[in-house]
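Structure assessment
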Protein chains: 2
Amino acid sequence: MKPIVRFPPINRRVMLSSLAMLPLLSVSLRSAAAVAQTQRDPLPSWNEGATKASILDFVTRVTTQGGPDFVPLDHRIATFDNDGTLWVEQPMYVQLAFALDRVKVLAPMHPEWKTKQPFAGVLDGDLKAVMASGEKGLVELIAVTHAGMTTAEFEKITSDWLATARDHRFKRPYTELVYQPMLELLTYLRTSGFKTFIASGGGIEFMRPWTERIYGVPPEQVVGSSIKTRFEMKDGAPTLFRLPEVNFVDDKTGKPIGINEHIGRRPIAAFGNSDGDLEMLQWATIGASGARFGLIVHHTDAEREYAYDRQSHFGKLDVALDAAAVNKWSVVDMKKDWQRIFAL
Amino acid sequence: MKPIVRFPPINRRVMLSSLAMLPLLSVSLRSAAAVAQTQRDPLPSWNEGATKASILDFVTRVTTQGGPDFVPLDHRIATFDNDGTLWVEQPMYVQLAFALDRVKVLAPMHPEWKTKQPFAGVLDGDLKAVMASGEKGLVELIAVTHAGMTTAEFEKITSDWLATARDHRFKRPYTELVYQPMLELLTYLRTSGFKTFIASGGGIEFMRPWTERIYGVPPEQVVGSSIKTRFEMKDGAPTLFRLPEVNFVDDKTGKPIGINEHIGRRPIAAFGNSDGDLEMLQWATIGASGARFGLIVHHTDAEREYAYDRQSHFGKLDVALDAAAVNKWSVVDMKKDWQRIFAL
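Residues numbered from 1 in each chain as written. Chains lettered and ligands numbered in written order. Predicted model: local features only at pLDDT ≥ 70, side-chain atom pairs only at ≥ 80, totals over all residues. Heavy atoms only, no water.

**Concerning the overall build of chain A**
Summing up its helical and strand segments, chain A has 14 helices and eight strands in all. Within the span of chain A, comprising 344 residues, buried residues form 59% of the whole. A fraction of 68% describes how many contacts in chain A between residues 6 or more apart in sequence connect residues 24 or more apart. Per element, the accessible surface of chain A, about 14000 Å² overall, is 56% carbon and sulfur. (Helix = DSSP H or I, 4+ residues; strand = E, 2+ residues; numbered from the N terminus. Buried < 20%, exposed > 50% of the residue type's maximum accessible area, 1.4 Å probe, protein only. Contact = heavy atoms within 4.5 Å. Areas by Shrake-Rupley, 256 points an atom, 1.4 Å probe, with all protein chains shown as cover.)

Below, the structure written as structure tokens:
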């Protein structure tokens, strides 16, 4: 019996079935060390050390039937941030790269953009001018690139873009710039009976078309930011039309709020990489009974990926890094803890 | 091999495992008639007839591997209204009964309520006066009974109430006034690989504490109306505080919007009983490819439950009943189609 094996992400239901058929799973796991020695390593891209051991230890404890920290299947909820936790967020959020590209596609229909910020900045490649337009400019960008179409049309626009867009540094599709160690972690948790969710500041409809294929997380387990939609019967068929109005921002205090709204249970494990994830980790780990696990991915590898934290524009990690020490959250030192970075 | 058997609702993961272990499931089902003759009846509380046959036929078609209407597991999404579809909504919504009872509990702390509507009406048992206070009155009622506490406190208040409150006519807990035929339908769909969701105009946090136990639907698969919450660290522990402000109304056009926000995929089957479910059924069944199924529960049995439709205050069924004929949605004639009404 080898309960801990790596299944492809798509096989969640099959994996659960294996679980259900193997009630003795947990009993067989005596300790993290035993797992490492007697089972196939569920986290082969993680170097041996305290971080990896903390993960194995937590999962072993909550899955050990009869043990003091055992958690029933239905309460094994884990939430993951996306940008900077599961895929690259430098030199800018992928979704922002999409918005900038989209402005360029739409520009011929909007000659006035040549002299109007933030659009002029986008077209001139002057990111500073775009940033200088502040939140008002950002909302305008989102309005023209993310609204004014049906949900089905938006899904096609983003999917087409993701299929062809390439990251400038790595020359690869963004969906290949996902972290192999985190994919292993997602799979390991699922084979251990967890339901894995994404809770991201990114747009919920920007992520859903590909999260199942890339992460093994189905659309209904993705929580994110959203704009308002309007239901309309159009030529006899129902549509949802995307409006230029913010509905929900799933960041900072928004993360526990969004998690409560979508999941309705507190996660027992949460994974993030920035101050935007602080409240999600607090919600998952503090003041609740039972074993809890928090983890922060610290980007420390400028050579293989990026190194940034307290001063970064995107994915600033400052307060949450201090909170990690206080709350005993694990901190991934990317350079030291990860044997490899990307999946391919 | 008897793939269609009735599992208790709690065993969703085990059921899925059986499914995954029985890839030949669908192949064995040739037609609704064959099922009825050769398998144990998955819907024993449904009388034989066109309505029952339409359900069996749909499920058989979408689960028949290699057949023209086969639907992969991940797309088998079904959404159910709650009030009037899964449990009783007369003589008033259960949640309104909770609010009225809660006003009585809180009244000693609010002497001014004795002369102030809608509270005076509640305390005097004068429902007409309560209704006359209109939407403004209703919002005030919700504010004092549903807000001003943490999510954890609200869960305890509603759970305690549901454990002791009794329906006046049937003298039973409300959670026993759920429809046995619909419980069988939920289970049948899950054993057939569906993920079952609730999409209700009722409060999402009012339903979640008991939907898993009663319906086999876990909290993360419940969509409903909600009020806003605020994240706060209180005595070092994270809390979500319920605010007297509407966040989302999951009714009428709100149903497809809420379903899209929570599930991110269009259901292929939807079940409702009132005009509030019209847009959900449209969203599930019209203008999308593949086999689709809509069903309306028509309350026609004044003796065993209630008879109401076009003129009812609660659960008005008028436009959606006409739409059912046009769109070929099945309509349950409760008196004729259901051999029994309640679960116990």
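**Comments concerning the interface of chain B and chain A**
Listed per partner, the contact involves 48 residues of chain B and 48 residues of chain A. Between chain B and chain A, a total of about 4000 Å² is buried, with carbon and sulfur atoms accounting for 53% of that surface. Viewed at the interface, chain A and chain B are joined by six salt bridges. One salt bridge in this structure joins Glu220(A) and Arg265(B), with 3.2 Å as the shortest N-O distance. (Buried area = accessible area lost by both parts, 1.4 Å probe. Salt bridge = Lys/Arg side-chain N within 4 Å of Asp/Glu carboxyl O.)

**Comments concerning helix α13 (residues 319-327) of chain B**
Residue and element names in this part refer to chain B. Those residues of α13 that fall on the buried side of the exposure criterion are Ala-320, Leu-321, Ala-323 and Ala-324. The buried residues of α13 occupy one face: seen down the axis, they fall within an arc of 160°. Along α13, exposed side chains directed more than 90 degrees from the buried face belong to Ala-325 and Val-326. In the core, the buried residues of α13 are packed alongside α12 (278-285), β6 (293-300) and β8 (330-333). Positive phi shows up at Lys-328, right after α13, with a value of about 60°. (Arc of directions from axis to C-beta.)

**Details of the confidence of the model for chain A**
Residues and elements named next belong to chain A. With 89% of its residues at a pLDDT of 70 or more, chain A has an overall mean of 90. This model gives residues 1-37 a pLDDT under 50, and the stretch forms 85 contacts once residues within four places in sequence are excluded. The ipTM value of the predicted complex is 0.88, and its pTM value is 0.89. (pLDDT = per-residue confidence, 0-100.)

**With respect to the nonpolar core**
One finds Met182(A), Leu185(A), Tyr215(A) and Phe271(A) to be the most contacted residues of the largest nonpolar core, which totals 70 residues. Here this core takes seven residues from helix α4 (residues 94-106) of chain A, the largest share from any one element. (Core = buried A, V, L, I, M, F, W, Y, C linked by side-chain atoms within 4.5 Å.)

**Notes on the packing of aromatic side chains**
With the rule as written, the count across this model stands at 36 aromatic pairs over all chains. Judged by centre distance (5.0 Å) and plane angle (75°), the ring pair of Phe170(A) and Phe342(A) falls under edge-to-face. Placement of Phe170(A) in the loop between α8 (151-164) and α9 (180-191) and of Phe342(A) in the segment after α14 (334-337) is noted, with a sequence separation of 172 residues between them. Here Phe170(A) and Phe342(A) have matching classes, each one buried. Taken together, the aromatic side chains of Trp46(A), Phe170(A), Tyr179(A), Tyr306(A), Trp338(A) and Phe342(A) make up a single cluster linked through ring pairs. The aromatic ring of Tyr306(B) is capped on one face by Arg169(B), whose charged end is 4.8 Å from the ring centroid. Against the face of Trp283(B) rests Arg266(B), its NZ or CZ located 4.3 Å from the ring centre. (Phe/Tyr/Trp six-rings, centres within 6.5 Å; stacked < 30°, edge-to-face > 60°. Lys NZ or Arg CZ within 6 Å of the ring centre and 35° of its normal.)

**Structural notes on unusual backbone geometry**
Residues and elements named next belong to chain A. Along the chain, Gln-90 connects to Pro-91 via a cis peptide bond; the corresponding omega equals 0°. Checked against the element boundaries, Pro-91 lands in the loop between β1 (77-80) and α4. Each neighbour pair has its own omega, and for Gln-117 with Pro-118 the value is 5°, a cis peptide bond. Structurally, the position occupied by Pro-118 is in the loop between α4 and α5 (119-124). Positive phi is not limited to glycine here, since Lys-171 has a value of about 55°. Structurally, Lys-171 is set in the loop between α8 and α9. Classification of Lys-171 as exposed rests on a relative accessible area of 63%.

**Things to note about the relation of the copies chain B and chain A**
Two copies of one chain are present, and they are related through a rotation about an axis combined with an axial shift. Mapping chain B onto chain A leaves a residual RMSD of 0.0 Å; the transformation is a rotation of 180° accompanied by 0.0 Å of translation along its axis. In short, the pair behaves as if placed about a two-fold rotation axis. Here 100% of the contact residues of chain B are again contact residues in chain A; the copies associate through an equivalent surface. (Least-squares fit on C-alpha atoms with pLDDT ≥ 70 in both.)

**Focus: helix α12 (residues 278-285) of chain A**
At 3.6 residues per turn, the α-helix brings residues three or four places apart onto the same side. Residue and element names in this part refer to chain A. Of all the eight residues making up α12, eight are buried; the element is thus mostly covered by neighbouring parts of the structure. All buried positions along α12 are accounted for by Leu-278, Glu-279, Met-280, Leu-281, Gln-282, Trp-283, Ala-284 and Thr-285. Just downstream of α12 lies Gly-287, where phi reads positive at about 70°.

**Observations regarding the environment of Ser133(A)**
Counting through the fold element by element, Ser133(A) comes out in the loop between α6 (127-132) and α7 (134-146). Along the chain, Ser133(A) and Met109(A) lie 24 residues apart, while their C-alpha atoms are 22 Å from each other.

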